[in-house]
Amino acid sequence: MKNTRSLNILRQAEILMPGGVNSPVRAFKSVGLSPLIIKKAHESKIYDVDENEYIDYVMSYGPMLLGHGDARVIKAISDTAKNGFGFGATTETEVELAGLVNKYFPSMEMIRLVNSGTEAVMSAIRLARGFTKRDKIIKFEGCYHGHSDSMLVKAGSGALTTSIPSSAGIPVNSSLDTLVAVYNDLETVKDLFLNHKREVAAVIIEPVAANMGVVLPKDGFLEGLMDLCHENDSLIIFDEVITGFRVSHSGAQGLFGLKPDITCLGKIIGGGLPIGAFGGRRDIMEYLSPIGPVYQAGTLSGNPICVAAGIATIKAIEEDDAVSKANEASQYLIKNLKDEIKGFDDKITMNGIASLLTIFFKGRDVNNFRDVMKSDAILFKKFFGIMLNEGIFIAPSQYEAMFLSSKHSKHDIDKTVLAIKKAIKEVLC
Ligand SMILES: *Cc1c(COP(=O)(O)O)cnc(C)c1O
């Protein structure tokens, strides 16, 4: 595989940008390879600056459910741009996007648009604290909710009640208000509620976890969690930044028939452009400024070009039934892989739902972060390298999902299955 141009750009990038990237996972550190420098992408394919072609299962880490470069979205972006890039005042299209979100997420009775998933979560948490007049938040080990201080927290060793920052630069004090529970383990949540009676503003969760690899909620787990929240007068926040418009049109809450108090969205609702949204019960949302006491703002919030891309994406998803198409692609992949990995039950676990999939290099069940951490990083590293050589781009980390799109063809998947088969044989045998 040619890589002269990529290596040249990488050298300059590493001088000018920390790690040569604007988001850490892109540096390929955990797989020890030099990162891809991308030139363009089309439908299910992505191309680096050396003209190498890959079938893309990263899909910008989720937004591209329609595949890359959907003509309807391109048209919406260019038509909108002709009329100006931003105004600092409300546009009709913001109301239209809020209406579309509300149509699919009726639990989001009122909506505020922001610029990223991180911002959506950060603001939702402030809102929950303002509304309940409590400070503590419960999150789950291995769930990712963006990079705001209070969400970059891990369980300390020893007692479940201590948490510590998972990044330098975060005041220890800001981590003390975030309590960490174990995914799929209601007992750990009960303990936290017991130890912090009437102190917990909200519990935040990825209703399908996709940032420690894909980990599915066990039957009854989310329902039990919501009951615990109600019993304790705490709010439940669903972070559906990945799952929204993917695991169903109405996200995980639609799929499982649940109604959270607050929901965070991002990724797909911008169709690849930067956006985020949070929304929920009207009485809670009315706590937001300018009508309530919880301050939140954004110069570029509701940016007309991002909003146009979002509207066009959601409409195109409706028109194509893209959720089902991506699901079918995923099902076809899983069906064909199952036979290939039959003999490796003790070494590989495949977790998948809808168009999300992770192959863990760990035998049998993967139900929480502790299970995930038992997967074999060295095997994953080898696996990733072989896949890339075969022209398949998956995220360079065991802790990410494969994202399928409505544009992944049978032909793409047949090629992918052959590559996975080859990679697994080489890695495990
Ligand atoms: C990606 C993601 C975020 C953060 O969104 P950004 O746009 O990267 O800030 C938050 N929560 C979940 C579940 C995500 O997958």
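The numbers attached to residues start from 1 for each chain and follow its sequence in the written order. Predicted model: local features are reported for residues with pLDDT of at least 70 only, side-chain atom pairs are reported and counted for 80 or more only, and whole-chain, interface and lining totals are derived from all residues. Note that the side-chain values use all heavy atoms of the structure and ignore hydrogens as well as water.

S.K.: Can you help me understand the overall build of the protein chain in this one?
M.R.: Elements are defined by DSSP. Helices are runs of H or I of four residues or more, strands are runs of E of two residues or more, and each kind is numbered from the N terminus. Per the secondary structure count, the protein chain includes 14 helices and 16 strands. For the radius of gyration, the atoms used are the C-alpha atoms, and the globule rule reads 2.2 Å times the number of residues raised to 0.38. Relative to a compact globule of 429 residues, whose C-alpha radius of gyration would be 22 Å, the protein chain shows 21 Å and is just as compact. If one aligns the C-alpha atoms of the protein chain with their principal axes, the spans along those axes are about 55 × 55 × 45 Å. Per-residue burial for the protein chain yields a buried fraction of 57% across its 429 residues. Here, two residues are considered to be in contact whenever any of their heavy atoms come within 4.5 Å of each other. Excluding contacts between residues fewer than 6 apart, the proportion of contacts in the protein chain whose partners are at least 24 apart in sequence is 71%. Per-residue and other accessible areas were derived by the Shrake-Rupley procedure at a 1.4 Å probe size, with only the shown protein chains allowed to occlude residues. Accessible area for the protein chain stands at about 18400 Å²; split by element, carbon and sulfur atoms hold 54% of it. In the protein chain, the 47 positive side-chain charges and the 50 negative ones have mean positions that sit 4 Å from each other. Burial status follows relative accessibility: with a 1.4 Å probe on protein chains alone, a residue under 20% of its type maximum counts as buried, one over 50% as exposed, and anything between as partly exposed. In this charge count, Lys and Arg are treated as positive and Asp and Glu as negative; neither His nor the chain ends contribute. A single reference atom marks each charge: NZ on Lys, CZ on Arg, CG on Asp, CD on Glu.

S.K.: Got a minute to help me understand the packing of helix α13 (residues 377-389) against helix α14 (residues 410-428) in this structure?
M.R.: Helices that pack against each other are described as a pair by the angle of their axes relative to one another and the distance between those axes. Viewed as axis vectors pointing N to C, α13 and α14 meet at an angle of 140°, and their least axial separation amounts to 9 Å. In terms of their interaxial angle, α13 and α14 are classed as oblique. Judged by the sense of rotation from one axis to the other, the crossing of α13 with α14 is right-handed. Contacts between α13 and α14 involve Leu-379, Lys-382, Phe-383, Ile-386 and Met-387 from the first element and Thr-416, Ala-419, Ile-420, Ala-423, Ile-424, Glu-426, Val-427 and Leu-428 from the second. Looking at the contact of α13 with α14 residue by residue, the classes come out as 10 nonpolar, one polar and two charged. Each axis is a line fitted through C-alpha atoms, taken for helices only over the stretch in contact, and angles between the N-to-C directions span 0 to 180 degrees. In these notes the angle categories are as follows: under 35 degrees is roughly parallel, over 145 is roughly antiparallel, 65 to 115 is roughly perpendicular, and the rest is oblique. What makes a crossing left-handed is the near helix being turned counterclockwise from the far one by less than a right angle; a clockwise turn instead makes it right-handed. Under the convention adopted here, Pro, Cys and the residues Ala, Val, Leu, Ile, Met, Phe, Trp and Tyr are nonpolar, Asp, Glu, Lys and Arg are charged, and Gly plus all remaining residues are polar.

S.K.: Even after reading the chapter, I still don't get the domain arrangement of the protein chain, so can you show me in this structure?
M.R.: Note on interface size: it is often stated as the accessible area lost on association of the parts. Note that domain bounds follow an automatic or database assignment of domains. Taken domain by domain, the protein chain consists of domain 1 (4-69 + 321-428) and domain 2 (71-319). A straight line from the C-alpha centre of domain 1 to that of domain 2 covers 25 Å. Listed by partner, the interface residues are 32 residues for domain 1 and 34 residues for domain 2. Buried area: the accessible surface (1.4 Å probe) lost by two parts on joining, summed over both. Of the roughly 2600 Å² buried where domain 1 meets domain 2, counting both sides, 64% is carbon and sulfur surface. Only one rule defines a salt bridge in this text: a Lys or Arg side-chain nitrogen within 4 Å of an Asp or Glu carboxyl oxygen. Between the two partners, domain 1 and domain 2, sit one salt bridge. Elements with a contribution of two residues or more to the side of domain 1 that touches domain 2: α11 (322-340), β13 (349-353), β14 (356-360) and α12 (369-372).

S.K.: Can you walk me through the pattern of salt bridges in this structure?
M.R.: A pair can form between side chains of opposite charge whenever their charged atoms are brought close. Summed over the entire model, instances satisfying the criterion amount to 20 salt bridges. Taking the shortest distance from any N to any O, the salt bridge between Glu-96 and Lys-315 comes out at 2.8 Å. Here the residue Glu-96 occupies a position in helix α3 (residues 92-104), and Lys-315 occupies one in helix α10 (residues 304-320), the gap between them amounting to 219 residues. One salt-bridge network, held together by shared partners, links Asp-70, Arg-72, Glu-319, Asp-320 and Lys-407.

S.K.: Hey, could you run me through the sheet that holds strand β8 (residues 178-181) in this one?
M.R.: Neighbouring strands of a sheet are bound in pairs by backbone hydrogen bonds; such pairs are parallel or else antiparallel. In spatial order, the strands read β4-β12-β11-β10-β9-β5-β8; together these seven strands make up an open sheet with mixed pairing. In this open sheet, the two edge strands, each paired with only one partner strand, are β4 (110-114) and β8. Each adjacent strand pair in this sheet contributes to an overall mean axis angle of 20°, direction not counted. Pairing of β4 with strand β12 (residues 276-280) involves five bridges; the strand directions are antiparallel. Strand pairing is assigned whenever DSSP detects at least two bridges linking the two strands.

S.K.: Just checking my understanding: could you explain the side chain of Asp-261 for this structure?
M.R.: Here Asp-261 lies in the loop between α8 (251-256) and β11 (262-265). The class for Asp-261 is buried, based on a relative accessible area of 6%. In protein, a polar contact requires one atom able to donate a hydrogen and another able to accept it; more generally it is a pair of N or O atoms within 3.5 Å, and residues adjacent in sequence count only if both atoms are side-chain atoms. Within the structure, the side chain of Asp-261 is placed 2.9 Å from the backbone nitrogen of Ile-236, a separation counted as a polar contact. Not counting the four nearest positions on each side in its chain, Asp-261 is found in contact with Ser-234, Leu-235, Ile-236, Gly-279, Gly-280, Arg-281 and Ile-284.

S.K.: Mind showing me how you'd approach the nonpolar core here?
M.R.: One finds Leu-356 and Phe-383 to be the most contacted residues of the largest nonpolar core, which totals 55 residues. Within the residue set of this core, elements represented by two or more residues are β3 (53-56), α11, β13, β14, α13, β15 (392-393), β16 (402-403) and α14. In terms of residues, this core owes the most to one element, α14, which gives eight residues. For Leu-356, the contacting residues outside a window of four places in its chain are Ala-210, Val-214, Ile-242, Arg-246, Val-247, Ser-330, Asn-351, Ala-401, Met-402 and Phe-403. We call a set of buried residues a nonpolar core when its members are Ala, Val, Leu, Ile, Met, Phe, Trp, Tyr or Cys and they connect through side-chain atoms within 4.5 Å of each other.

S.K.: Sorry if this is basic, but what is going on with the environment of Tyr-61 here?
M.R.: In this fold, Tyr-61 is placed in the loop between β3 and α2 (71-81). Sequence-distant contacts of Tyr-61, that is, excluding residues within four places in its chain, are made with Val-25, Lys-267, Ala-395, Pro-396, Glu-400 and Phe-403.

S.K.: Before we go on, may I ask you to explain the packing of aromatic side chains in this structure?
M.R.: In this description, a pair of aromatic rings is defined by centroid distance and the angle of the planes. Note on aromatic contacts: the rings of Phe and Tyr and the six-membered ring of Trp form a pair at centre separations within 6.5 Å, being stacked when their planes are under 30 degrees apart, edge-to-face when over 60 apart, and tilted otherwise. Summed over all chains, the structure comprises 11 aromatic pairs. Here Tyr-183 and Phe-221 contribute two aromatic rings whose centre-to-centre distance is 5.3 Å and whose plane-to-plane angle is 50°, an arrangement assigned as tilted. Of this pair, Tyr-183 sits in the loop between β8 and α6 (186-195) while Phe-221 sits in helix α7 (residues 221-231); the two residues are 38 residues apart in sequence, bridging distant segments of the chain. Overall, Phe-221 belongs to the buried group, its relative accessible area being 3%. Positioned above the aromatic ring of Tyr-47 is the side chain of Lys-40, whose terminal nitrogen or guanidinium carbon lies 5.1 Å from the ring centre. Cation over ring: Lys-410 sits above Tyr-332, and NZ or CZ is 4.8 Å from the ring centre. The criterion is that NZ of a Lys, or CZ of an Arg, lies within 6 Å of the ring centre and within 35 degrees of the ring normal, and then a charge sits over that ring.

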